[in-house]
Amino acid sequence: EVQLQAFGGGLVQPGGSLRLSCAATGFTVDGGTMCWFRQAPEKEREGVSCIRNRDRNTFYSDSVRGRFTISRDISKNTLYVQMNNLKPEDTAVYYCAASHRTWIAGGILTASRYDYWGRGTQVTVSS
């Protein structure tokens, strides 16, 4: 059984920071690819960031590059994303996703690549 559970969402002011965590069971974060996706109301699901667990190569959408940092901790079997300088347009439900495959850059932020999904955590950026 694979379970991904996201934590850390909440309400934050523009310019603030949040750190999201994704605790994995049945899936070890030393292999494959793991990502954060987000979905805002009436918008398509968007790939935010991915990490190839073995070599730790990271990938970011243009909208978050320079503000978000994805990482994983093998000892805790947990995926993270540090989100800084948050903007109202970052408001969304954030989902953790995983694949056993080590994807290359092209299409790595494509949701259909990922087999396992958490339920998500709400991030709201507002004054």
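Source: prediction; values computed, not measured. (Residues numbered from 1 in each chain as written. Predicted model: local features only at pLDDT ≥ 70, side-chain atom pairs only at ≥ 80, totals over all residues. Heavy atoms only, no water.)

Considerations on the overall build of the chain
The following threshold applies: The numbering of helices and of strands both runs from the N terminus, where a helix is a DSSP run of H or I of at least 4 residues and a strand a run of E of at least 2. Residue contacts are counted whenever heavy atoms from the two residues lie within 4.5 Å of one another. Every accessible area reported is derived by Shrake-Rupley at a probe size of 1.4 Å, with residue values counting cover from the shown protein chains alone. His residues and chain termini do not enter the charge count, which takes Lys and Arg as positive and Asp and Glu as negative. Note on charges: their place is set at NZ of Lys, CZ of Arg, CG of Asp or CD of Glu.
A count of helical and extended segments in the chain gives zero helices and eleven strands. Going residue by residue from the N terminus, the α and β elements of the chain occur as β-β-β-β-β-β-β-β-β-β-β. Structurally, the chain occupies a C-alpha span of about 40 × 30 × 25 Å along its principal axes. Considering only contacts within the chain whose residues lie at least 6 apart along the sequence, 58% involve residues at least 24 apart. Total accessible area on the chain stands at roughly 6700 Å², and carbon and sulfur atoms take up 44% of it. One finds the centroid of the 15 positive side-chain charges in the chain at a distance of 4 Å from the centroid of its 11 negative side-chain charges.

Some points on the pattern of salt bridges
To keep it simple, the criterion reads: By definition, a salt bridge exists where a carboxyl oxygen of Asp or Glu is found within 4 Å of a side-chain nitrogen of Lys or Arg.
Applying the stated criterion across every chain, the model contains six salt bridges. Here the residues in one salt-bridge network are Arg 38, Glu 46, Arg 67 and Asp 90, joined through shared partners.

With respect to the packing of aromatic side chains
Let me state the cut-off plainly: Centres within 6.5 Å make a pair out of two Phe, Tyr or Trp rings, where for Trp the six-membered ring is used; the pair is then stacked when the planes are under 30 degrees apart, edge-to-face when over 60, and tilted otherwise. Per-residue accessibility, obtained with a 1.4 Å probe over protein chains only, is compared with the maximum for each type, and a residue is labelled buried under 20%, exposed over 50%, and partly exposed between these values.
Scanning the entire structure with this criterion turns up three aromatic pairs. Ring centres of Phe 27 and Tyr 116 lie 6.1 Å apart, and the angle between their planes is 65°; this geometry places the pair in the edge-to-face category. Linking Phe 27 in the loop between strand E3 (18-25) and strand E4 (33-39) with Tyr 116 in strand E10 (residues 116-117), this pair joins segments that are 89 residues apart in sequence. Exposure remark for Phe 27: the relative accessible area of 3% places this residue in the buried category.

Let's talk about the nonpolar core
To be explicit about the condition: Among buried residues, those of type Ala, Val, Leu, Ile, Met, Phe, Trp, Tyr and Cys that are joined through side-chain atoms within 4.5 Å constitute a nonpolar core.
Grouped together as the largest cluster of nonpolar side chains are 28 residues, with contacts concentrated most on Met 34, Trp 36, Phe 68, Leu 79, Met 83 and Tyr 94. Mapped onto this core, the elements with two or more residues apiece are strand E1 (3-7), E3, E4, strand E5 (46-52), strand E7 (68-73), strand E8 (78-83), strand E9 (92-99) and strand E11 (121-125). Not counting the four nearest positions on each side in its chain, Tyr 94 is found in contact with Leu 20, Trp 36, Phe 37, Arg 38, Val 48, Phe 68, Met 83, Gly 120, Thr 121 and Val 123. In terms of nonpolar packing, the next biggest core, distinct from the first, is built from nine residues, Cys 50, Trp 103, Ala 111 and Tyr 114 among them.

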